[in-house]
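Fold and contact review
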Amino acid sequence: MNDYLIFRGGADYREWGGVTKEKEIEIWRSLIEFLDTNQLMLKRVEIANLHDMEGVELRSGSLNELGNAVIKCGFDKWLRGIDKGKSPSNLSALEKCLEKLRGKP
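As a starting point, this report considers the structure included with it. (Residues numbered from 1 in each chain as written. Predicted model: local features only at pLDDT ≥ 70, side-chain atom pairs only at ≥ 80, totals over all residues. Heavy atoms only, no water.)

Quick look at the packing of aromatic side chains
Overall, the coordinates contain two aromatic pairs when judged by the stated rule. Taking the centre distance of 5.5 Å and the plane angle of 25° together, the rings of Phe7 and Trp28 count as stacked. Placement of Phe7 in strand 1 (residues 5-8) and of Trp28 in helix 2 (residues 21-37) is noted, with a sequence separation of 21 residues between them. Each member of the pair, Phe7 together with Trp28, is buried. Ring plane angle 45° and centroid distance 5.9 Å describe the contact between Phe75 and Trp78, whose orientation is recorded as tilted. One end of the pair is Phe75 and the other is Trp78, both in helix 3 (residues 65-83) and three residues apart, which spans about a single turn. By relative accessible area, which is 6% here, Phe75 ends up buried. (Phe/Tyr/Trp six-rings, centres within 6.5 Å; stacked < 30°, edge-to-face > 60°. Helix = DSSP H or I, 4+ residues; strand = E, 2+ residues; numbered from the N terminus. Buried < 20%, exposed > 50% of the residue type's maximum accessible area, 1.4 Å probe, protein only.)

If you want it as structure tokens, here you go:
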């Protein structure tokens, strides 16, 4: 499997996404905590002392097979929800994908 970029933080993302630095960190924390809690990561991404997102990346190689499938299924929908005013902590799009992929009704 090719290692591809899923998300890169920093000024370019903030400008493109029209989000503040604080919102960007909230998005990142919500995503990483979801992936970590659900054991979808191969290697842990440190978020405890995150103050600057410049150059911080999430790559497909950081996720296991299920993690990559969840990202392919629900990541864009989750981001669109944030664009429409939903909280980054509303992870329902990703949670639904995870349940579907794990075969839960």
